[in-house]
Amino acid sequence: MTNYLEFEKPLAEIEGKAEELRALARANEGTDVEKEASALDKKAAEMLVQLYGDLTPWRKCQVARHPDRPHCKDYIDALFTQYTPLAGDRNFADDHAVMGGLARLDGTPVMVIGHEKGHDTKTRIERNFGMARPEGYRKAIRLMDMADRFGLPVVTLVDTPGAYPGKGAEERGQSEAIARSTQMCLSIKVPLVSVIIGEGGSGGAVAFATANRVAMLEHSIYSVISPEGCASILWKDAEKMREAAEALRLTAQNLKELGVCDRIIKEPVGGAHRHKAESIAAVGKAIQIMLAEMQGNSGVEMRDARRKKYLGLGSRGLAA
Amino acid sequence: MNWISNYVRPRINSIFSRREVPENLWSKCDECGTMLFHRELSNNLNVCTNCGHHMYISPRDRFAALFDGGIFTEVEVPEPTADPLHFRDQKRYPDRMKASQKNTGEKDAMLVGEGEIGRTPIVAAAQDFSFMGGSMSMYVGNAIIAAAERAVMKKCPLILFSAAGGARMQEGILALMQMPRTTIAVEMLKEAGLPYIVVLTHPTTGGVTASYAMLGDVHIAEPNALICFAGPRVIEQTIREKLPEGFQRAEYLLDHGMLDRVTPRTDMRDELITIARMLLGLGTVISGELPAPEAEAAPTKDAKE
Ligand SMILES: [Zn+2]
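Keep in mind that what you see is a predicted model, and the values were worked out from it rather than measured.

Draft legend 1. Main features of the overall build of chain B. Scanning chain B for helices and strands turns up twelve helices and nine strands. Split into buried and exposed, the 305 residues of chain B put 51% on the buried side. Intrachain contacts of chain B at a sequence separation of at least 6 include 69% that bridge at least 24 residues.

Right under this line is the structure:
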């Protein structure tokens, strides 16, 4: 079953009609509906190309948050071998919103870390919808530090609405944990590559995505605040999220222009949620390319290049 | 109002006029409601003399009270791209900027100065909550980097007074990118072996807390300052329960291990001198009012006020 987004309603109607016709044919032998159904399929395919060829920023937000979009776990399962999760922050708990551990990427050992949102009610609750608590960031800090000491490249997969705004999270130092995680990203002397696979929600994303190379899936987003949050503050009306999404310049395309994103990974027509395997493979290829780009660089060079890249983000802007 | 008082205390006066106090002579404490005579209040660094409530103080007034003899040299901050996203909500971002600049007399939400405190050379940076909620912009990032570079060059500590509602939405992702940028500034100090002291003032929230404000060697907060990542309103909406009394206030954070100290503004200067000198391995200094540094030591170029 397809989960349609609000803007896909006309598409849902056509695809539904085609399906209905075919169901009718199955129920009544001898009824030939294939010609009609195929025409509808063709119309739907054209509509999909048209819809996804020109997604507004707000529609991209919806695609980026699509429940069927491949999540961190899907990428880890498909792209890495011998994934060995390493749990806990050695302090308080293990945060299930953050996955992380040793794994092999095309045979090479790496440290992989990412936000996991979950795919159904049970796993979403278990994963806290991908909203990490301080323990999650502290686990990531521990793993990045370990990778640094053992010379393993770090791959981060970013997909979070933001850090969890909870009482305990605040009491245990959410701010400090995020700040230290970003600091760790900037200190390690191994390659650090990051892919925004869905939502890059504010500081909770920065803590993982301060990388040598940041790639974004074509319909992923990365923003200082959610469009809804921005709308309710600046427009005093959360319903103005379309305007806010537009103004915030949160799409992969905008971020590439602003120098925050280094590479856009193309999604198949209709988005990553319609063609999971293909999208996951494209991300895998991008990770390989980004890591290869740094081959031969010394640890200090990679750390310094990372710092230089971020220091440079004080004089950027869109073309006039 | 004569021209001299207007010249000496322009910022204080503008606060008074915004609060619509007749004749700009009296201010009402937002906490206890006591009417406070303006000179008495500014002499007490905008801390209520009745209840100890800490009110807003501008970076310039803070520096005037912090540096020996009130003398400091402003450290130049590289100008970032103006309106990098061509942002427009109900107002255009350049218009909001102009209004804030007119209102505060400052370029943006961070002032950087260098000088001496208790004869100890330092660089100080102070965030201005009255400038678009102190929000972290590319300028603020540039200011912190300039402050750190200056401190490294002079081999002296950086003392940073934070105050912000978070990152500046009108600069979108580029505001967010000031989290890693300012973290690099902190790394510069760390690698140079120089003290980085953060004074967290009311309020310090969001991306600011989650970067340079929580990475100090020493964290000191002003009493009752709100310090958090997510604001109390957001948390209440998420967890659907009332938060405990004093939640996310300085004293609560002290209790939860996030701060070293909570210190009243009026004692802050002496405490900063004491801590900075010990971290630098310097001898004690006679505390209290000190005259301006001697002529040859005093910064003369670009000295303000
Ligand atoms: Zn009072």
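Draft legend 2. Representation of the overall build of chain A within the structure. Along chain A, the regular secondary structure elements total 14 helices and eight strands. Summarising its shape, the C-alpha atoms of chain A cover approximately 70 × 50 × 40 Å along the three principal directions. Taking all 320 residues of chain A together, the buried fraction comes to 50%. Taking as baseline every contact in chain A between residues at least 6 positions apart, the subset at least 24 positions apart corresponds to 71%.

Draft legend 3. Molecular detail of the interface of chain A and chain B. Across the contact, 43 residues belong to chain A and 44 residues belong to chain B. When contributions to the side of chain A that touches chain B are tallied by element, the ones reaching two or more residues are α7 (167-171), α8 (174-187), α9 (202-209), β7 (221-223), α10 (227-235), α11 (241-248) and α14 (299-311) of chain A. If you tally residues by element for the side of chain A that touches chain B, the top one is α8 of chain A, at eight residues. Considering only residue class, the side of chain A that touches chain B consists of 23 nonpolar, 13 polar and seven charged.

Draft legend 4. Structural context of the pairing of strand β8 (residues 218-221) of chain B. Residues and elements named next belong to chain B. With four bridges connecting them, strand β7 (residues 196-204) and β8 associate as parallel partners. By the bridge assignment, valine 199 is partnered in β8 with isoleucine 220. Of the strand pairs in this sheet, β8 and strand β9 (residues 261-262) are connected by two bridges, and their pairing is parallel. Bridged to alanine 221 within β9 is valine 262.

Draft legend 5. Expanded view of the sheet that holds strand β3 (residues 72-74) of chain B. Residue and element names in this part refer to chain B. Spatially, the seven strands line up as an open sheet ordered β3-β4-β5-β6-β7-β8-β9, and their pairing is mixed. Here the strands that pair on one side only, and so sit at the sheet edges, are β3 and β9. Note: β3 against strand β4 (residues 110-117), three bridges, orientation antiparallel. Paired with glutamate 74 across the strands is glycine 113, a residue of β4.

Draft legend 6. Seen up close, the packing of helix α1 (residues 9-27) of chain A against helix α2 (residues 34-53) of chain A. Residue and element names in this part refer to chain A. Following both chains from N to C, one finds α1 and α2 inclined at 160°, their axes separated by 9 Å at the closest point. Put simply, α1 runs roughly antiparallel to α2. Crossing geometry of α1 relative to α2 is assigned as left-handed. Where α1 abuts α2, its residues Pro10, Leu11, Ile14, Glu15, Lys17, Ala18, Leu21 and Arg22 lie against Glu36, Ala37, Leu40, Asp41, Lys43, Ala44, Met47, Leu48 and Leu51.

Draft legend 7. Inspection of the packing of α10 of chain A against α11 of chain A at higher detail. Residues and elements named next belong to chain A. Where α10 meets α11, the closest approach of the two axes is 8 Å, and the angle between their N-to-C directions is 100°. In terms of their interaxial angle, α10 and α11 are classed as roughly perpendicular. Across the interface between the two elements, Pro227, Glu228, Cys230, Ala231, Leu234 and Trp235 from α10 touch Met241, Glu243, Ala244, Ala245 and Leu248 from α11. Taken together, the residues of the contact of α10 with α11 break down into nine nonpolar, no polar and two charged.

Draft legend 8. Structural context of the pairing of strand β4 (residues 154-160) of chain A. All names here are of chain A. Where burial is concerned, most of β4 is hidden: seven out of the seven residues are buried. Burial along β4 is two-sided: Val154, Thr156, Val158 and Thr160 and Val155, Leu157 and Asp159, pointing in opposite directions, are all buried. Summarising the sheet, strand β3 (residues 108-115) and β4 pair through four bridges and their orientation is parallel. Across the sheet, glycine 114 pairs through a bridge with leucine 157, a residue of β4.

Draft legend 9. Geometry of helix α12 (residues 265-279) of chain B. Residue and element names in this part refer to chain B. Between the first and last C-alpha of α12 there are 21 Å, a value that for 15 residues agrees with the 21 Å anticipated at 1.5 Å per step. At glutamate 271, α12 is bent by approximately 25°, the largest bend along its length. All of the buried residues along α12 are Arg265, Met268, Arg269, Leu272, Ile273 and Ala276. After α12 finishes, the residue glycine 281 shows a positive phi value of roughly 70°.

Draft legend 10. Molecular detail of the confidence of the model for chain B. Residue and element names in this part refer to chain B. In the predicted model, chain B carries a mean pLDDT of 89, and 86% of its residues have values of at least 70. Here residues 1-22 is a poorly scored stretch, pLDDT under 50, and it has 23 contacts once near neighbours within four places are set aside; other chains count. Across residues 296-305, confidence stays below pLDDT 50; counting only partners more than four residues off in sequence or on other chains, it has 13 contacts. What the predictor reports for the complex is a pTM of 0.92 with an ipTM of 0.96.

Draft legend 11. Geometry of the environment of glutamate 228 of chain A. All names here are of chain A. Within the element layout of this structure, glutamate 228 appears in helix α10. C-alpha of glutamate 228 to C-alpha of aspartate 120: the two residues are 108 residues apart in sequence and 23 Å apart in space. Beyond its immediate stretch of four places on either side in the chain, glutamate 228 contacts Ala238 and Met241.

Draft legend 12. Spatial organisation of the nonpolar core. Met144, Val154 and Met216 of chain A together with Ala125, Ile144 and Leu158 of chain B are the most contacted members of the largest nonpolar core, which totals 165 residues. Considering every element that reaches this core, the biggest residue donor is helix α6 (residues 138-154) of chain B, with nine residues. Grouped together as the second largest cluster of nonpolar side chains are six residues, Leu36, Leu45, Cys48 and Ile57 of chain B included.

Draft legend 13. Layout of the environment of methionine 241 of chain A. Residues and elements named next belong to chain A. Inspection of the secondary structure assignment puts methionine 241 in helix α11. Residue classification places methionine 241 among the buried positions, given that 21 C-beta atoms sit within 10 Å. The spatial distance from the C-alpha of methionine 241 to the C-alpha of serine 226 is 8.5 Å, given a sequence separation of 15 residues. Filtering out sequence-adjacent residues up to four positions away, methionine 241 remains in contact with Trp58, Pro227, Glu228 and Ala231.

Draft legend 14. Representation of α14 of chain A. Between its terminal C-alpha atoms α14 of chain A stretches 18 Å, which fits the 18 Å expected from 13 residues at 1.5 Å a residue. Regarding α14 of chain A, the residues found buried are Arg303, Arg306 and Tyr310 of chain A. What you see down the axis of α14 of chain A is that its buried residues fit within an arc of 60°, all on one side. With respect to the buried face of α14 of chain A, the exposed residues turned more than 90 degrees away are Val300, Glu301 and Lys308 of chain A. Where α14 of chain A is buried, its residues touch α8 and β5 (192-201) of chain A together with α8 (178-191) of chain B.

Draft legend 15. Seen up close, unusual backbone geometry. All names here are of chain B. In this chain, histidine 202 is followed by proline 203 through a cis amide linkage whose omega measures -20°. Tracing the backbone shows proline 203 in strand β7. At methionine 132, a position not held by glycine, the phi torsion is positive, near 45°. When you line up the elements, methionine 132 lands in the loop between β5 (120-127) and α6. Positive phi values are uncommon outside glycine, yet lysine 155 reaches one of about 55°. Looking at the secondary structure, you find lysine 155 in the loop between α6 and β6 (158-164). Note on lysine 155: 11 C-beta atoms within 10 Å, which makes it exposed.

Basis of the calculations
Residues numbered from 1 in each chain as written. Chains lettered and ligands numbered in written order. Predicted model: local features only at pLDDT ≥ 70, side-chain atom pairs only at ≥ 80, totals over all residues. Helix = DSSP H or I, 4+ residues; strand = E, 2+ residues; numbered from the N terminus. Buried ≥ 20, exposed ≤ 12 C-beta atoms within 10 Å, placed from the backbone. Contact = placed C-beta atoms within 7 Å. Nonpolar A, V, L, I, M, F, W, Y, C, P; charged D, E, K, R; others polar. Pairing = 2+ DSSP bridges. Axes fitted to C-alpha atoms, helices over the stretch in contact; angles between N-to-C directions. Parallel < 35°, antiparallel > 145°, perpendicular 65-115°, else oblique. Left-handed = near helix turned anticlockwise from the far one by under 90°. Expected span 1.5 Å × (residues − 1). Bend = angle between axes of the 7 residues up to and from the residue. pLDDT = per-residue confidence, 0-100. Core = buried A, V, L, I, M, F, W, Y, C linked by C-beta atoms within 7 Å. Arc of directions from axis to C-beta.

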